[in-house]
Amino acid sequence: MSVLTRHSALSHSILREHRIDAERMLRLTGVDRLSQLVPSDFSLNVILAELPKVLAWMRGSGEPLPRPVAAAIQAEMRTGVVERKRLWVAEVQADAVPAIQGFFGEDPTGDPLVHVISDSPGEQSESGELLVVVAINHAHWCQAWANGTPNQQAFVKEAMRGVDSSVISNRAYHALKKLGAEIIPSTWAYRGLRNPKFWAYVIVFIYSCLRALPVVFVKNFEGSVFVLWAMDVLTAIPYTWGLISFVAGRTRRIRYLGLAVALITFVSPYVYFWTHGRGYPAGVNVVVACMILGALGWEAFNYMRDRAIRSSLCRSPRA
């Protein structure tokens with residue numbers, strides 16, 4: 001594993017040993033870039049891999065889902081929602097996929113909750129059976145079953161009883177409250193403070209706000225500090241969109257448009273700075289140049305990391 005792909009989805013052997021459809025996996029996780037996925041985003045609980053055998057036994061015996069198996073699946077739901085995991089993945093026989101999808105059911109749009117994320121043809125086991133990788137999003141699963149059949153709703157109530165709602169997503173919280181699950185209540189603001197994504201946005205916003213502050217001490221700058229600050233803040237959103245579109249755009253046109261938007265929104269505050277001042281000391285020019293090169297270098301690294309991860313996921317292990 002290279003430096004570019006370290007501490008990524010490729011840390012799990014299941015995802016390394018199969019040819020994974022990266023776009024399908026991204027859509028299922030809900031993230032924008034492959035480099036955002038870390039090993040802790042995935043659960044490899046063996047219950048999902050063993051579930052086809054249990055379902056076959058149930059069909060043959062007419063018995064309900066064994067209590068130990070149900071408890072293990074409930075524990076997986078609870079852990080996945082509380083720890084905000086992205087996917088529960090497993091390697092299963094290809095002919096067992098319909099049974100697994102039938103057990104978990106569909107989401108509100110009619111799509112199965114369990115998806116095959118490996119490309120055909122799949123790998124083969126030692127006995128010659130075709131193997132594929134399936135995945136289910138914990139949050140989608142919990143929300144779908146919270147609005148599902150009476151048995152599914154009872155399952156969710158039991159699985160999520162006593163959960164501290166401050167650590168779960170807003171969507172999961174509202175679904176569980178609507179269901180009447182016995183969870184520890186919390187306010188929207190408090191859940192936001194416990195959300196890592198919220199703090200990531202706060203850090204980016206503070207950085208954007210403070211980036212214009214040093215200009216106050218540059219006497220040669222003749223423009224408006226407020227305009228420069230506003231440009232820093234307002235270009236953050238289109239800049240992010242441009243980067244995501246450049247990396248994950250489905251067409252060449254979208255990727256080129258994303259690159260153009262990212263470049264324009266990134267350099268515009270610096271262009272304003274240089275065109276509204278003169279005779280800047282060499283030190284100021286060096287600092288600004290280092291900021292530009294540093295940001296470009298960081299984004300170039302992330303771009304290469306995304307490409308490397310995507311290439312490794314989509315490459316056949318036998319290649």
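The sections below set out a description of the structure shown in this document. (Residues numbered from 1 in each chain as written. Predicted model: local features only at pLDDT ≥ 70, side-chain atom pairs only at ≥ 80, totals over all residues. Heavy atoms only, no water.)

### As for the pattern of salt bridges
Any two side chains of opposite charge can pair, so long as their charged atoms come close to each other. Counted only if it meets this: A carboxyl oxygen of Asp or Glu within 4 Å of a side-chain nitrogen of Lys or Arg is what we treat as a salt bridge. Here a strand is any run of E in DSSP of at least two residues, a helix any run of H or I of at least four, and the numbering for each starts at the N terminus. Type-normalised accessible area, obtained with a 1.4 Å probe on protein chains alone, sets the label of each residue: buried when under 20%, exposed when over 50%, and partly exposed for intermediate values.
One pass over the structure, following the stated rule, counts eight salt bridges. Of the charged contacts, one joins Asp 21 and Arg 24 as a salt bridge, the two residues approaching to 3.0 Å between their closest N and O atoms. A salt bridge links Glu 158 to Arg 67; the shortest N-O distance between them is 2.4 Å. Here the residue Glu 158 occupies a position in helix H7 (residues 150–160), and Arg 67 occupies one in helix H4 (residues 67–82), the gap between them amounting to 91 residues. Take Glu 158: its relative accessible area is 32%, and that puts it in the partly exposed class. Residue classification places Arg 67 among the partly exposed positions, given a relative accessible area of 47%. Salt bridges linked by common partners bring Asp 21, Arg 24 and Asp 119 together as one network.

### A short note on the side chain of His 12
Defined as follows: A contact between two residues is defined here by any heavy atoms of the two lying within 4.5 Å.
Assignment of secondary structure puts His 12 in the segment before helix H1 (13–16). The residues touching His 12, leaving out its near neighbours within four places in the chain, are Pro 39, Phe 42 and Leu 44.

### Considerations on the pairing of strand E2 (residues 87–93)
Quick note on the threshold: Only strands joined by at least two bridges in the DSSP assignment are considered to pair.
Most of E2 is tucked away: five of the seven residues are buried. Of the pairings in the sheet, the one linking strand E1 (residues 42–43) to E2 comprises two bridges and is parallel in character. By the bridge assignment for E2, Ser 43 is matched with Trp 88. Pairing geometry for E2 and strand E5 (residues 130–136), over six bridges, is antiparallel. Bridging across to E5, Val 89 finds its partner in Ala 135.

### What about the layout of surface pockets?
Basically, it comes down to this: A 1.4 Å probe that fits but cannot get out identifies a cavity on a 1 Å grid over protein atoms alone, an open set with protein on both sides within 12 Å along at least five of seven lines counts as a pocket, and a residue lines either if it has an atom within 4 Å of a point. Grid points are joined across faces, edges and corners, and a volume is the space filled by probe spheres set on the points. In the scheme used here, Gly and all other residues not listed as nonpolar or charged are polar, with Ala, Val, Leu, Ile, Met, Phe, Trp, Tyr, Cys and Pro taken as nonpolar and Asp, Glu, Lys and Arg as charged.
The calculated volume of the second largest pocket comes to roughly 290 Å³. Along the walls of the second largest pocket sit Leu 65, Ala 70, Gln 74, Phe 103, Trp 145, Asn 151, Gln 152, Ala 154, Phe 155 and Glu 158, which together make up its complete lining. Looking at the lining of the second largest pocket, its residues break down into six nonpolar, three polar and one charged.

### Focus on the environment of Phe 103
Within the secondary structure, Phe 103 sits in helix H5 (residues 97–104). Sequence spacing of Phe 103 and Pro 52 is 51 residues, and the spatial spacing of their C-alpha atoms is 9.6 Å. Not counting chain neighbours up to four residues away, the residues in contact with Phe 103 comprise Leu 51, Leu 55, Leu 65, Ile 73 and Trp 145.

### What about the packing of aromatic side chains?
For the record, the criterion: A pair of Phe, Tyr and Trp rings is counted when the ring centres sit within 6.5 Å of each other, with Trp represented by its six-membered ring. The angle between the planes then sorts it: under 30 degrees is stacked, over 60 is edge-to-face, the rest tilted.
The tally for this structure, following the rule as stated, stands at 15 aromatic pairs. Ring centres of Phe 103 and Trp 145 lie 5.9 Å apart, and the angle between their planes is 65°; on these two criteria the pair is classed as edge-to-face. Taken together, the positions of Phe 103 in helix H5 and Trp 145 in helix H6 (residues 138–146) put the pair 42 residues apart, joining distant regions of the chain. Trp 145 sits in the buried class, given a relative accessible area of 5%. The structure contains a cluster of three or more aromatic residues connected by ring pairs, namely Trp 88, Phe 103, Phe 104, Trp 141, Trp 145 and Phe 155.

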